[in-house]
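Okay, here's what each chain looks like letter by letter:
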Amino acid sequence: MASEDVKASESAVTTIVNLAEEAKLAREGVKAPSHAIISICKSLVAGGVAGGVSRTAVAPLERLKILLQVQNPHNIKYNGTIQGLKYIWRTEGFRGLFKGNGTNCARIVPNSAVKFFSYEQASKGILYLYQQQTGNEDAQLSPLLRLGAGACAGIIAMSATYPMDLVRGRLTVQNDKSPYQYRGMFHALSTVLRQEGPRALYKGWLPSVIGVVPYVGLNFAVYESLKDWLVKARPFGLVEDSELSVTTRLACGAAAGTIGQTVAYPLDVIRRRMQMVGWKGAGSVVTGDGRSKAPLEYNGMIDTFRKTVRHEGFGALYKGLVPNSVKDWLVGSGATYLL
């Protein structure tokens, strides 16, 4: 997404690449399959713990981003990051800064596991076909092929955990004046199923899938390409003995994430707005403080794009980009050092 997430969102590209590299070393250094599996499981658990800690640390920024994405332009309470955080603190207190964080953390382990194994299998399959086509058994994945493998892994992982992302968005947006309160992740899932049907759990799925290609795909491609270039060119003495330092890998991951999120961000805004459709009383939640009871009306992805741009301008597609960028940089930093 990619979320989506997904992702993330697992933690983003740095965590996944670290896990992949660790698993590769485990397979090369340990012949027993059971030992390799144990090592991979330990890596996934470590990634889940690191992701949970880092996401909790930036949960206020994540909530502010989502609130900005769905905020009604006629009832704006805040425009900037600092102003928005102060408003949440003043109106909802300390706990308000962390609404929806539990569900977000719960998504990390299954999303990371699915994405990790999907990327591994997709990379192997694509590389095998590429080697057969070129007749070169020593051929390696090009940036374009890495993008394809990364996109496949991102779509599979995002789809597997998408219902959790939908309820996370609603839990994040709701406030004390909401007409109906979700009490938690499982209550929200059961309520959506009962009131809106199973298909409602995948509202906004299409823009999420489309967003996976530039977001996750570019993350993998840019990160791997930067890393390969640094190892070969060795500029400014950043590489020693063909190994990148933690700081250098962090910079590569940050650059990759920034490029991917900027390209895919409008799709994330559209996804969030589509997720609110069908929620009983969502109009009053999204518009703020219950002033409007009008239901949200979007008839698909294109209609959401059209109405958003027509009523709020092109800039509305980038609402919340600043806190999201800060959050992603901090998450990438935390995940790298924790791992």
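Predicted model only: the values in this text are computed from it and were never measured.

The rules behind the values
- Residues numbered from 1 in each chain as written.
- Predicted model: local features only at pLDDT ≥ 70, side-chain atom pairs only at ≥ 80, totals over all residues.
- Heavy atoms only, no water.
- Axes fitted to C-alpha atoms, helices over the stretch in contact; angles between N-to-C directions.
- Helix = DSSP H or I, 4+ residues; strand = E, 2+ residues; numbered from the N terminus.
- Parallel < 35°, antiparallel > 145°, perpendicular 65-115°, else oblique.
- Contact = heavy atoms within 4.5 Å.
- Buried < 20%, exposed > 50% of the residue type's maximum accessible area, 1.4 Å probe, protein only.
- Salt bridge = Lys/Arg side-chain N within 4 Å of Asp/Glu carboxyl O.
- Core = buried A, V, L, I, M, F, W, Y, C linked by side-chain atoms within 4.5 Å.

## Digging into the packing of helix α11 (residues 246-276) against helix α13 (residues 301-312)
- Put simply, α11 and α13 touch, their axes get as near as 10 Å, and they point 105 degrees apart. It follows from the interaxial angle that α11 and α13 lie roughly perpendicular. In this structure, α11 contributes P266, L267, I270, R273 and M274 to the contact, and α13 contributes M301, T304, F305, T308 and E312.

## Description of the environment of C41
- The residue C41 is located in helix α2 (residues 33-57) in this model.
- Given the relative accessible area of 41%, C41 is considered partly exposed.
- Taking the C-alpha atoms as reference points, C41 and A113, 72 residues apart in sequence, are found 8.8 Å from one another.

## What to know about the pattern of salt bridges
- Inspection of every chain in the model, using the stated rule, returns 17 salt bridges.
- One salt bridge in this structure joins E62 and K327, with 2.7 Å as the shortest N-O distance. With E62 in helix α3 (residues 59-70) and K327 in helix α14 (residues 321-338), the pair connects residues that are 265 residues apart, well separated along the chain. By the burial criterion, E62 is buried, and K327 matches it.
- Because the salt bridges share partners, they merge into one network encompassing E62, K65, R107, D165, R168, D268, R271, R272 and K327.

## Focus on the environment of L201
- Within the secondary structure layout, L201 lies in the loop between α9 (185-196) and α10 (205-233).
- In this structure, the C-alpha to C-alpha distance between L201 and L189, residues 12 residues apart in sequence, is 7.9 Å.
- The residues touching L201, leaving out its near neighbours within four places in the chain, are Y162, P163, L166, L189, V192 and L193.

## Comments concerning the nonpolar core
- With 25 residues, the main nonpolar core has Y78, V167, V173, Y182, V192, M276 and W279 as its most contacted residues.
- Those elements giving two or more residues to this core turn out to be α3, α4 (81-96), α8 (162-173), α9 and α12 (282-287).
- What Y182 contacts, discounting residues up to four positions off in sequence, is R170, L171, Q174, H187, A188, T191, V192, E196 and W279.
- Y223, L244, C252 and A256 belong to the second-largest nonpolar core, a separate cluster that totals 6 residues.

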